[in-house]
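Survey of secondary and tertiary structure
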Amino acid sequence: MQEAQKTDVKPIRTAKDYEAALKEVERRWGAKTGTPAGDRLDVLATLIDAYEAEHFPMDPPDPIEAIKFRMEQQGLTRKDREPLIGTRTRVAEVLNRRRNLSIAIIRRLHVALGISAEVLIRPSRGKRAA
């Protein structure tokens, strides 16, 4: 029976397959790496990841939200943003979505904060309704 389970791996094509895979992962959670159960867990996790990427894609974050989040994570103040973005006025304009990020600002933010350049070059979602 154990041997049959190892070869019984198939793509996740339907919501029913997906739910069954999630349940099996839950049962096998904590299995040791390198064991048949651990190998099966790794394969199932890979299949689930592929299914979720196709059926539940996530948009990259808004660049301004990413900047605010990372600065909050690192405990940076508004004053700390000035070397990265520019004057106090420029910081306010950028964070309030009244000024776009320049290539120079994108480079500084990418290096200093580790935010993906791909995220930073995306268009901002604009001002949000209150």
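Further up the page is the structure itself.
Please read all numbers here as calculations on a predicted model, not as lab measurements.

1. Focus on the environment of V91
Tracing the chain through its elements places V91 in helix 6 (residues 88–95). With a relative accessible area of 1%, V91 lands in the buried category. Residues V91 and R81, spaced 10 residues apart in sequence, show a C-alpha to C-alpha distance of 6.9 Å. Discounting chain neighbours no more than four positions away, the residues touching V91 are R78, R81, E82, I85 and G86.

2. Regarding the packing of aromatic side chains
Inspection of every chain in the model, using the stated rule, returns three aromatic pairs. Measuring from ring centre to ring centre gives 5.8 Å for Y18 and F56, while their planes differ by 50°; the resulting arrangement is tilted. Separated by 38 residues along the polypeptide, Y18 in helix 2 (residues 15–28) and F56 in the loop between helix 3 (36–55) and helix 4 (63–73) bring together distant segments of the chain. For F56, a relative accessible area of 46% corresponds to the partly exposed category. Ring geometry for Y51 against F56: centres 6.2 Å apart, planes inclined by 70°, an arrangement best described as edge-to-face. With a relative accessible area of 7%, Y51 lands in the buried category. One aromatic cluster in this structure is built from Y18, Y51 and F56.

Analysis parameters
Residues numbered from 1 in each chain as written. Predicted model: local features only at pLDDT ≥ 70, side-chain atom pairs only at ≥ 80, totals over all residues. Heavy atoms only, no water. Helix = DSSP H or I, 4+ residues; strand = E, 2+ residues; numbered from the N terminus. Buried < 20%, exposed > 50% of the residue type's maximum accessible area, 1.4 Å probe, protein only. Contact = heavy atoms within 4.5 Å. Phe/Tyr/Trp six-rings, centres within 6.5 Å; stacked < 30°, edge-to-face > 60°.

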